[in-house]
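Notes for the structure review
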Amino acid sequence: MNVEIIKCLKDNYSYLVIDEKNKSACVIDPSEAKPIINFIEKNQIKLDFILNTHHHFDHVGGNQVLKKKYNSKVIGFEGDKDRIPKIDICLKDREIWKHKNFEFKIFHIPGHTMGHVCFNFFKEKLLFTGDTLFSLGCGRIFEGTYKQMYNSLNLIKSFALETKIYCGHEYTLNNSNFCLLHDKKNLKLKKKIFLIKKKLNKNLPTIPSTLKEELETNIFLRCDSIENFSKLRDLKDNF
Ligand code: ZN
Ligand code: FE
C-alpha cells in the first residue's frame with residue numbers, strides 16, 4: 001500500500017491510498033477532480049472509492065466528476081450523509097470497512113463540523129485527519145463545541161505513536177509560529193521547524209507527520225485542560 005500526496009486548490013492535500021497489486025486506489029478528500037484524474041490516468045489505476053472526512057467544499061469538490069468518470073463509490077459518515085455529495089456508502093462511528101486489500105476504521109471526531117470523521121488504515125497505521133488535527137495545529141471550531149474538539153483530539157492521541165498523520169491542509173509553517181510562541185523552550189519543536197522549512201524550500205509537503213512528533217510539538221495536543229485548550233484555540237483564531 002502506497003500513499004500519494006496530491007496538491008489541490010491553494011493549500012489542500014488530497015491523498016491516494018494505492019494498492020499496487022490490484023492497481024486500484026481510494027482517494028481521501030478530493031478537493032477537485034483534475035489533479036486526481038491526472039495522476040490516475042498517468043499511472044493507469046482504478047479509483048474504487050472516494051472517502052470524505054467532512055462536507056466542506058474543499059474536501060468534496062471532486063466527488064461528482066470522479067464518481068461519474070470512474071464509477072467509484074463515495075464513502076462517508078452516516079451522520080453527514082445529507083451533506084456529502086453523491087454519497088453511496090454510509091458508515092457508522094467505529095465501523096470497519098473492508099474491500100480487497102483496503103481496510104480502515106472510521107471514527108467520529110466532531111468539532112470542526114458536527115459530522116467530521118477520520119479514517120484509520122490500521123494495518124498500515126495511516127490516519128487521515130481532515131481539518132481536525134493538522135501538523136502543529138488543529139481545525140477551527142465551526143459547528144461543534146470546544147469540548148467536542150478537545151475530546152476528538154484526545155481520541156486521536158490514543159492511536160499508536162508511529163501512526164502517520166495525513167491532514168487536509170499545508171498549514172504547518174504558520175502553525176509552527178503559533179506553537180513556538182506558546183512553547184518557547186521546546187527543542188523538539190525547534191528541530192521540527194528546521195526540517196519543515198527545509199522541506200518547504202524544496203517545494204515538498206511537510207506531510208505526513210507522526211503522532212509521536214505531534215504529541216511532542218503540537219501545542220493543541222500538549223495542553224492539559226479544556227480551559228487551556230479553549231484559550232489557545234481563541235488565540236489561534238486571531239493569530
Ligand atoms: Zn473544513
Ligand atoms: Fe478544509
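Residues numbered from 1 in each chain as written. Chains lettered and ligands numbered in written order. Predicted model: local features only at pLDDT ≥ 70, side-chain atom pairs only at ≥ 80, totals over all residues. Heavy atoms only, no water.

A look at the coordination of the zinc ion (ligand 1)
Selection criterion: Sites may look incomplete because water is not among the atoms; the donors themselves are N, O and S atoms within 2.8 Å of the metal, or within 3.2 Å for Na, K and Ca. Counting from the N terminus, the helices are DSSP H or I runs at least four residues long and the strands are E runs at least two residues long. The rule is simple: take the accessible area with a 1.4 Å probe, protein chains only, and divide by the maximum for that residue type; under 20% is buried, over 50% is exposed, in between is partly exposed.
The zinc ion (ligand 1) binds to the protein through His54 (NE2), His56 (ND1), His112 (NE2) and Asp131 (OD); the donor distances cover 2.2 to 2.3 Å. Donor residues binding the zinc ion (ligand 1) come from one chain and are separated in sequence as H-x1-H-x55-H-x18-D. Separation of the zinc ion (ligand 1) from the iron ion (ligand 2) amounts to 3.3 Å, with aspartate 131 serving as a shared donor to the pair. With histidine 112 in the loop between strand E8 (102-108) and strand E9 (117-121) and aspartate 131 in the loop between strand E10 (126-130) and strand E11 (133-134), the pair connects residues that are 19 residues apart, well separated along the chain. The exposure classification of histidine 112 matches that of aspartate 131, with both residues buried.

Some remarks on the packing of helix H5 (residues 172-182) against helix H6 (residues 187-201)
Condition: Every axis in this analysis is a line fitted to C-alpha atoms, fitted for helices over the stretch in contact. Angles between the N-to-C directions lie between 0 and 180 degrees. Each angle is binned into one of four classes, with values under 35 degrees roughly parallel, values over 145 roughly antiparallel, values of 65 to 115 roughly perpendicular, and all other values oblique. Crossing chirality is assigned from the near helix's rotation relative to the far helix, an anticlockwise turn below a right angle marking it left-handed and a clockwise turn marking it right-handed. Residue contacts follow a heavy-atom distance rule, with two residues in contact if any of their heavy atoms lie within 4.5 Å. Only Asp, Glu, Lys and Arg are considered charged in this grouping, and only Ala, Val, Leu, Ile, Met, Phe, Trp, Tyr, Cys and Pro are considered nonpolar; every other residue, Gly among them, is considered polar.
Close contact between H5 and H6 brings their axes to 10 Å; oriented N to C, the two are set at 160°. On the basis of the axis angle, H5 is roughly antiparallel to H6. Between H5 and H6 lies a crossing whose hand is left-handed. In this structure, H5 contributes Thr172, Leu173, Ser176, Cys179 and Leu180 to the contact, and H6 contributes Leu189, Lys190, Ile193, Ile196, Lys197 and Leu200. Classifying every residue of the contact of H5 with H6 by side-chain character gives seven nonpolar, two polar and two charged.

Digging into the domain arrangement of the chain
The cut-off we apply is this: Segmentation into domains, and thus their bounds, comes from an automatic or database assignment. Defined in terms of a 1.4 Å probe, buried area is the accessible area two parts forfeit on being brought together, summed over both.
Segmentation of the chain into domains returns domain 1 (1-84) and domain 2 (105-239). Summarising the inter-unit geometry, the C-alpha centres of domain 1 and domain 2 are found 22 Å apart. Residue-level contacts link 24 residues of domain 1 with 28 residues of domain 2. Taken together, both faces of the contact between domain 1 and domain 2 bury some 2100 Å²; the carbon and sulfur share is 67%.

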